[in-house]
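So the chains spell out like this:
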Amino acid sequence: MITADQLVAHAIGDYVLQSDWMASKKRTENLAAAVHAFCYSIPFLLLVPSPLAWAVIVVTHAWIDRYGLARYVVWAKNFLAPKWVVARKGFRTEHTIVSEPVWGRNLPWSECTATGYPPDRPPFLAVWLLIVCDNCIHVLINGAALKWL
């Protein structure tokens, strides 16, 4: 389903063809997200997709990037992990993983909106893991579109 040429098309479209304006405005402006999605999808034309597959690649890329949907996936997947026991102390939040089942909780979305990760995660880690998740979502959707549409 996922081929090397698809990964190359993704890399060129998402990194080489994305301008600073697109990267900085695609989360806040529909035009920037649309232009980025269109430029992103140009390398996929070399893979000779059906018109429907190409449209799915363009539209889903714009939608995922414009609304930062990977953040929601990251936040939701943390509910599959062991629960954190959260103890608040003043302005700090301390997290400890427990080895035995304890009814803990994950942090609410309101505390994780930037990357889907808790705010006390090192910024480089949260951002890069978010980028990896975002890329995986795009690649899986593109692969499915190219194979089945």
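Source: prediction; values computed, not measured. (Residues numbered from 1 in each chain as written. Predicted model: local features only at pLDDT ≥ 70, side-chain atom pairs only at ≥ 80, totals over all residues. Heavy atoms only, no water.)

### Description of the overall build of the protein chain
We count it as follows: Secondary structure follows DSSP: runs of H or I at least 4 residues long count as helices, runs of E at least 2 residues long count as strands, and numbering of each begins at the N terminus. With a 1.4 Å probe rolled over the protein chains alone, any residue whose accessible area is under 20% of its type maximum counts as buried; one over 50% counts as exposed, and the rest are partly exposed. Accessible surface is estimated by sampling points in the Shrake-Rupley manner with a 1.4 Å probe; for residues, cover comes only from the protein chains shown.
In terms of helices and strands, the protein chain carries six helices and two strands. Ordered by position from N to C terminus, the α and β elements of the protein chain give α-α-α-α-α-β-β-α. Per-residue burial over the protein chain gives 35% buried out of 149 residues. Surface accessibility of the protein chain: about 9100 Å² in total, with carbon and sulfur atoms responsible for 72%.

### What to know about a nonpolar patch on the surface
For clarity, the cut-off: Each patch is built from residues that are more than 30% exposed by relative accessible area and take part in no salt bridge. Like charges join if they lie within 9 Å; nonpolar side chains (Val, Leu, Ile, Met, Phe, Trp, Tyr) join within 5 Å. Note on definitions: salt bridges are taken to be side-chain nitrogens of Lys or Arg within 4 Å of carboxyl oxygens of Asp or Glu.
On the surface, Val8, Ile12, Tyr15, Val16, Leu17, Phe38, Ile42 and Leu45 cluster together into a nonpolar patch covering about 720 Å² of accessible area. Tallying contributions element by element places helix H1 (residues 4-16) first for the nonpolar patch, with four residues. Along the chain, the position of Leu17 falls in the loop between H1 and helix H2 (20-25).

### A closer look at the confidence of the model for the protein chain
What counts here: The predictor attaches a confidence to each residue, called pLDDT, with possible values from 0 through 100. By definition, residues are in contact when any of their heavy atoms lie within 4.5 Å.
Taken over all residues, the pLDDT of the protein chain has a mean of 87, while the share at 70 or more is 83%. Per-residue pLDDT stays below 50 along residues 85-93; that stretch engages in 19 contacts with residues further than four places along the chain or on separate chains. Counting contacts from residues 98-104, a segment whose pLDDT is below 50, to residues more than four positions away or on other chains yields six contacts.

### Some points on the environment of Ala32
Turning to its location among the elements, Ala32 is positioned in helix H3 (residues 30-41). Remark: the alpha-carbon pair of Ala32 and Trp21, spanning 11 residues in sequence, is separated by 7.3 Å. Not counting residues up to four positions away in its chain, the partners in contact with Ala32 are Trp21, Met22, Lys25 and Lys26.

### Here we look at the packing of H3 against helix H4 (residues 51-66)
The condition that has to hold: Axis angles are defined between N-to-C directions and span 0 to 180 degrees, where every axis is a line fitted to C-alpha atoms and, for a helix, only to the segment in contact. Roughly parallel covers angles under 35 degrees, roughly antiparallel covers those over 145, roughly perpendicular covers 65 to 115, and oblique covers all other angles. Whether a crossing is left-handed or right-handed is set by the direction in which the near helix is turned from the far one by less than a right angle, anticlockwise for left-handed and clockwise for right-handed. As a working rule, the residues Ala, Val, Leu, Ile, Met, Phe, Trp, Tyr, Cys and Pro are called nonpolar, Asp, Glu, Lys and Arg charged, and the rest polar, with Gly in that last group.
Interhelical geometry of H3 versus H4 gives an angle of 140° and a closest axis separation of 8 Å. By the angle between their axes, H3 is oblique relative to H4. The element H3 and its partner H4 pack so that their crossing is right-handed. When H3 is examined against H4, the residues Asn30, Ala33, His36, Ala37, Phe38, Tyr40 and Ser41 are found in contact with a partner set consisting of Trp54, Ile57, Val58, His61, Ala62, Asp65 and Arg66. When grouped by side-chain class, the residues that make up the contact of H3 with H4 number eight nonpolar, four polar and two charged.

### Topic: the state of the cysteines
Inclusion rule: Here, a disulfide means two cysteine sulfur atoms that sit within 2.5 Å of each other.
Evaluated as defined, the whole model comprises zero disulfides. Counting only cysteine sulfurs, Cys136 is the nearest neighbor of Cys133, a cysteine outside any disulfide, at a range of 6.7 Å. You can call Cys133 buried: its relative accessible area is 13%.

### Observations concerning the packing of aromatic side chains
To keep things clear, this is the line we draw: The rule is short: rings of Phe, Tyr and Trp, with Trp giving its six-membered ring, pair when the centres are within 6.5 Å, and they are stacked under 30 degrees, edge-to-face over 60, tilted in between. Lysine and arginine charges are scored as sitting over a ring when NZ or CZ, respectively, is within 6 Å of the ring centre and within 35 degrees of the ring normal.
All chains considered together, the criterion is met by four aromatic pairs. An angle of 80° between the planes, with centres 6.0 Å apart, marks the rings of Phe38 and Trp54 as edge-to-face. With a gap of 16 residues between them, Phe38 in helix H3 and Trp54 in helix H4 connect regions that are remote in the sequence. On the basis of relative accessible area, Phe38 is assigned to the partly exposed category, the value being 43%. With centroids separated by 5.3 Å and ring planes inclined at 45°, the aromatic side chains of Tyr40 and Phe44 adopt a geometry described as tilted. With respect to burial, Tyr40 and Phe44 carry one shared label: buried. One aromatic cluster in this structure is built from Tyr72, Trp75 and Trp109. The ring of Tyr67 carries the charged tip of Arg66 above its face, separated from the ring centre by 5.0 Å.

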